[in-house]
Amino acid sequence: MIAHWMRVGFVHGVMNTDNLSVLGLTLDYGPYGWVEDFDPDWTPNTTDAQGRRYRFGTQPQVAYWNLSRLAQALSPLFADVEPLQAGLAAYQSTFVACTRRDAAAKLGLAAADDDDLQLYLRWQQLMQDGGMDMTLAWRALMRIDPAAPDVALLDAVYYDEARQQAVQAPLQQWLQDYAVRLQADPLSASERLAKMTAANPLYVLRNWLAQEAIDRAEQGDLGGVHALQDVLRNPYTERAGLEHFASKRPAWADNRAGCSMLSCSS
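Residues numbered from 1 in each chain as written. Predicted model: local features only at pLDDT ≥ 70, side-chain atom pairs only at ≥ 80, totals over all residues. Heavy atoms only, no water.

K.L.:
Just to check I follow, could you spell out the packing of helix H2 (residues 59–74) against helix H3 (residues 82–107) for this structure?
P.N.:
Orientation of H2 relative to H3, taken along the N-to-C sense of each, is 165°, at an axis distance of 10 Å. Relative to H3, the element H2 is oriented roughly antiparallel. As H2 packs across H3, the resulting crossing turns out to be right-handed. Together, Pro60, Ala63, Tyr64, Leu67, Ser68, Ala71 and Leu74 of H2 and Leu84, Leu88, Tyr91, Gln92 and Phe95 of H3 make up the contact between the two elements. Class assignment for the residues of the contact of H2 with H3 results in 10 nonpolar, 2 polar and no charged. (Axes fitted to C-alpha atoms, helices over the stretch in contact; angles between N-to-C directions. Helix = DSSP H or I, 4+ residues; strand = E, 2+ residues; numbered from the N terminus. Parallel < 35°, antiparallel > 145°, perpendicular 65-115°, else oblique. Left-handed = near helix turned anticlockwise from the far one by under 90°. Contact = heavy atoms within 4.5 Å. Nonpolar A, V, L, I, M, F, W, Y, C, P; charged D, E, K, R; others polar.)

Right under this line is the structure:
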């Protein structure tokens, strides 16, 4: 579950021990958020703004910490703690395997080795340094031509022109390295596109989209809620007429309450 959060950019926001269930579920989605300009340190929770314990990038470690507290609480019931330690180790190995699986899928590779994981991490660093929209950057990457990789295919995903210019040279180098890797991969172009499409959503529940639906609902119009429900039933397939739902965060939503950060009681 948490590997999939990291794959699509979802941030729970307050994932402490009482919000993680032994059923493999999480509770309390008040201060949730979706990463827009890619930043592993981002949290949607106003009460977490200082320590950022529950920020996007630390969610796998927070889950492990929570499970460790569960194991600690259960340990008096066990004659030997080895089964508990094995359970924690299983979490770690499973998450690593899921990350490798998702890196391959998002990059459109048949499988990902250690070098591919480094390529994946370099891409994440470029998204962060350039202030790219996470969702749109991955979708733009699907259009790469391995024979002629071009930074221009990402022109529409930035939030800040200065940061865009600062990453052009390293981005071009990364695209060239990625193109070489794609040319060596056994997947065909159509297979690569299908795999990337299934791993990289185009439509996500951005906070400002939810706020627009809330604003309409408060006026007695539930059309925005129903439209969002319809769009998000199929988040991976691009559809005509839904461009608004695949847009970058508009300026009016940068600092508006409910669109940027929320409290635990939201």
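Next comes the rest of the write-up.
K.L.:
Whenever I open this one, the packing of aromatic side chains confuses me. Can you help?
P.N.:
Working definition: an aromatic ring pair is given by the centre-to-centre distance plus the angle between the planes. This model, assessed by the stated rule, comprises 11 aromatic pairs. Their ring planes at 70° and their centres at 5.4 Å tell us that Phe10 and Trp34 sit as a pair that is edge-to-face. Highlighted residues: Phe10 in strand S1 (residues 10–11) and Trp34 in strand S2 (residues 33–34), separated in sequence by 24 residues. Trp34 shares its class with Phe10; the two are buried. Sitting above the plane of the Trp65 ring, Arg69 keeps its charged end 4.6 Å from the centroid. The residue whose ring lies beneath Lys248 is Tyr159, and the NZ or CZ to ring-centre distance is 5.5 Å. (Phe/Tyr/Trp six-rings, centres within 6.5 Å; stacked < 30°, edge-to-face > 60°. Buried < 20%, exposed > 50% of the residue type's maximum accessible area, 1.4 Å probe, protein only. Lys NZ or Arg CZ within 6 Å of the ring centre and 35° of its normal.)

K.L.:
It is not clear to me how H3 should be interpreted in this structure. Could you clarify?
P.N.:
With 26 residues, H3 should reach 38 Å at 1.5 Å per residue; the first-to-last C-alpha distance of 37 Å fits that figure. For H3, the set of buried residues is Leu84, Leu88, Tyr91, Phe95, Cys98, Asp102, Ala103, Ala104, Ala105, Lys106 and Leu107. Looking at the buried residues of H3, the elements they touch are helix H1 (2–8), H2, helix H4 (114–130), helix H5 (134–141), helix H7 (168–184) and helix H8 (189–199). (Expected span 1.5 Å × (residues − 1).)

K.L.:
I keep staring at the environment of Asp129 and nothing clicks. Help me out?
P.N.:
As for its placement among the helices and strands, Asp129 is situated in helix H4. Asp129 sits 35 residues away from Gln164 along the chain, and the two C-alpha atoms are 8.3 Å apart. The residues touching Asp129, leaving out its near neighbours within four places in the chain, are Arg163 and Val167.

K.L.:
Which parts of the structure should I look at to understand H7?
P.N.:
In an α-helix, one full turn covers 3.6 residues, which means residues spaced three or four apart are oriented alike. Taking 1.5 Å per residue as the helical rise, H7 with its 17 residues ought to reach 24 Å, and the 25 Å between its terminal C-alpha atoms agrees with that figure. Here H7 has its buried residues at Gln168, Leu171, Trp174, Leu175, Tyr178, Ala179, Arg181 and Leu182. Down the axis of H7, the smallest arc covering the buried residues is 160°, so these residues share one side. For H7, exposure combined with an orientation more than 90 degrees from the buried face picks out Ala169, Val180, Gln183 and Ala184. (Arc of directions from axis to C-beta.)

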